2 protein chains.
Amino acid sequence: MVLTEIIGILAGIFTTIAAVPQIVKAWRNKACKDVSPFMFVILILGVSLWTVYGIMNQDWPIIITNGISTILNCTMLVLIIKYGKQNTTSNR
Amino acid sequence: MVLTEIIGILAGIFTTIAAVPQIVKAWRNKACKDVSPFMFVILILGVSLWTVYGIMNQDWPIIITNGISTILNCTMLVLIIKYGKQNTTSNR
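All of the points below concern the structure found in this document. (Residues numbered from 1 in each chain as written. Chains lettered and ligands numbered in written order. Predicted model: local features only at pLDDT ≥ 70, side-chain atom pairs only at ≥ 80, totals over all residues. Heavy atoms only, no water.)

So, the overall build of chain A
So, step 1. When helices and strands are counted, chain A shows four helices and zero strands.
So, step 2. Starting at the N terminus, the α and β elements of chain A follow one another as α-α-α-α.
So, step 3. Each principal axis of the C-alpha distribution contributes one length, and for chain A these read about 50 × 25 × 15 Å.
So, step 4. Looking at the 92 residues of chain A, the share that counts as buried comes to 47%.
So, step 5. The long-range share in chain A, meaning contacts at least 24 apart out of those at least 6 apart in sequence, stands at 72%. (Helix = DSSP H or I, 4+ residues; strand = E, 2+ residues; numbered from the N terminus. Buried < 20%, exposed > 50% of the residue type's maximum accessible area, 1.4 Å probe, protein only. Contact = heavy atoms within 4.5 Å.)

What follows is the structure, encoded as structure tokens:
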């Protein structure tokens, strides 16, 4: 495997799993008031469109990484809706 | 321009600018205690490796979108370091 491929795979893994620590933190603390729901709405739009792009081009790495990202970011948005209003100073 | 290209461009714009509302929210409220620093560390690792991948392949759309993402996510990490400790219940 060439170096560019290894870098691409590592980059894909990191950007795919990035939401996991945020989900764990929100789940444990039952608090999301400082987390922007708009960030996750825009991310979901982006990664779901990347998934569609992957399906149209039959590009499996794009479908799998962005499909997982869509699920993770949707999970985080649900947690924001559930816990975001608690102890809120601003809901922007 | 074909439909797949339009979808790819929209997907790229959304995933690139997603951090902006989070930066604005953190900046306005001067609070990040619910935001996971690990999410942004992993994101920075991912998008900076995508930038390197783009440079190695001389792929300008990948360089530009991920270069902007790297700057935005680094900005957010600075805000977390600056404001994340205030009124902290957990710093995970």
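Section: the nonpolar core
So, step 1. Within the largest apolar cluster, 34 residues are counted, with the highest numbers of intra-cluster contacts made by A:Cys32, A:Phe40, A:Met76, B:Cys32, B:Phe40 and B:Met76.
So, step 2. When neighbours within four sequence positions are excluded, B:Met76 is seen to be in contact with B:Gln22, B:Ile23, B:Ala26, B:Cys32, B:Val35 and B:Phe40. (Core = buried A, V, L, I, M, F, W, Y, C linked by side-chain atoms within 4.5 Å.)

Things to note about the state of the cysteines
So, step 1. Within the structure shown, the criterion is met by zero disulfides over all chains.
So, step 2. The thiol sulfur of B:Cys32 is not disulfide-bonded, and the nearest other cysteine sulfur, from A:Cys32, lies at 14 Å.
So, step 3. B:Cys32 provides the cysteine sulfur closest to B:Cys74, a residue in no disulfide bond, and the two sulfurs are 15 Å apart.
So, step 4. By relative accessible area, which is 34% here, B:Cys74 ends up partly exposed. (Disulfide = S-S within 2.5 Å.)

Here we look at helix α3 (residues 37–57) of chain B
So, step 1. With 21 residues, α3(B) ought to run about 30 Å at 1.5 Å a step, and its terminal C-alpha atoms sit 30 Å apart, in line with that.
So, step 2. Residues of α3(B) that are buried in the fold lie against α1 (3–17), α2 (19–29) and α3 (37–56) of chain A together with α2 (19–29) and α4 (60–83) of chain B.
So, step 3. Two or three places before B:Phe38, at the opening of α3(B), B:Ser36 has a side-chain oxygen 3.3 Å from that residue's backbone nitrogen.
So, step 4. Just beyond α3(B), the residue with positive phi is B:Gln58, at close to 50°. (Expected span 1.5 Å × (residues − 1). Polar contact = N/O pair within 3.5 Å; in protein donor to acceptor, adjacent residues only side chain to side chain.)

Concerning the relation of the copies chain B and chain A
So, step 1. Note on the copies: chain B fits chain A at an RMSD of 0.0 Å, the axial shift is 0.0 Å, and the rotation between them is 180°. As the rotation angle and translation indicate, the two copies are arranged about a two-fold axis.
So, step 2. A share of 100% of the interface residues of chain B reappears at the interface of chain A, consistent with the copies meeting face to face through the same patch. (Least-squares fit on C-alpha atoms with pLDDT ≥ 70 in both.)

Comments concerning the side chain of A:Ser69
All names here are of chain A.
So, step 1. Within the secondary structure layout, Ser69 lies in helix α4 (residues 60–83).
So, step 2. Under the relative-accessibility criterion, Ser69 is labelled buried at 6%.
So, step 3. Not counting the four nearest positions on each side in its chain, Ser69 is found in contact with Thr15, Thr16 and Val47.

Some points on the packing of aromatic side chains
Geometry of an aromatic ring pair is reported as the spacing of the ring centres plus the angle between the planes.
Residues and elements named next belong to chain A.
So, step 1. Applying the stated criterion across every chain yields a total of two aromatic pairs over all chains.
So, step 2. Plain terms: the ring middles of Trp50 and Tyr53 are 5.3 Å apart, the flat faces sit at 85° to each other, and that makes the pair edge-to-face. Of the two residues, Trp50 and Tyr53 both sit in helix α3, three residues apart, roughly one turn of that helix.
So, step 3. Looking at Tyr53, the relative accessible area reads 23%, which means it is partly exposed.
So, step 4. Here the basic side chain of Lys30 rests over the ring of Trp27, its NZ or CZ set 4.9 Å away from the ring centre. (Phe/Tyr/Trp six-rings, centres within 6.5 Å; stacked < 30°, edge-to-face > 60°. Lys NZ or Arg CZ within 6 Å of the ring centre and 35° of its normal.)

Examining the pattern of salt bridges
Residue and element names in this part refer to chain A.
So, step 1. Going through the model one piece at a time under the given rule, you end up with two salt bridges over all chains.
So, step 2. With its nearest N and O atoms 3.1 Å apart, the salt bridge here joins Lys33 to Asp34. Judged on exposure class, the residue Lys33 and its partner Asp34 are both buried. (Salt bridge = Lys/Arg side-chain N within 4 Å of Asp/Glu carboxyl O.)

A look at the interface of chain B and chain A
So, step 1. Between chain B and chain A, the contact holds 43 residues from the first and 43 residues from the second.
So, step 2. Taken over both partners, the interface formed by chain B and chain A buries close to 3,800 Å², and the fraction arising from carbon and sulfur atoms is 71%.
So, step 3. Scanning the region where chain B abuts chain A turns up zero salt bridges.
So, step 4. Residue assignment for the side of chain B that touches chain A shows that the elements contributing at least two residues are α1 (3–17), α2 and α3 of chain B.
So, step 5. Class assignment for the residues of the side of chain B that touches chain A results in 26 nonpolar, 12 polar and five charged. (Buried area = accessible area lost by both parts, 1.4 Å probe. Nonpolar A, V, L, I, M, F, W, Y, C, P; charged D, E, K, R; others polar.)

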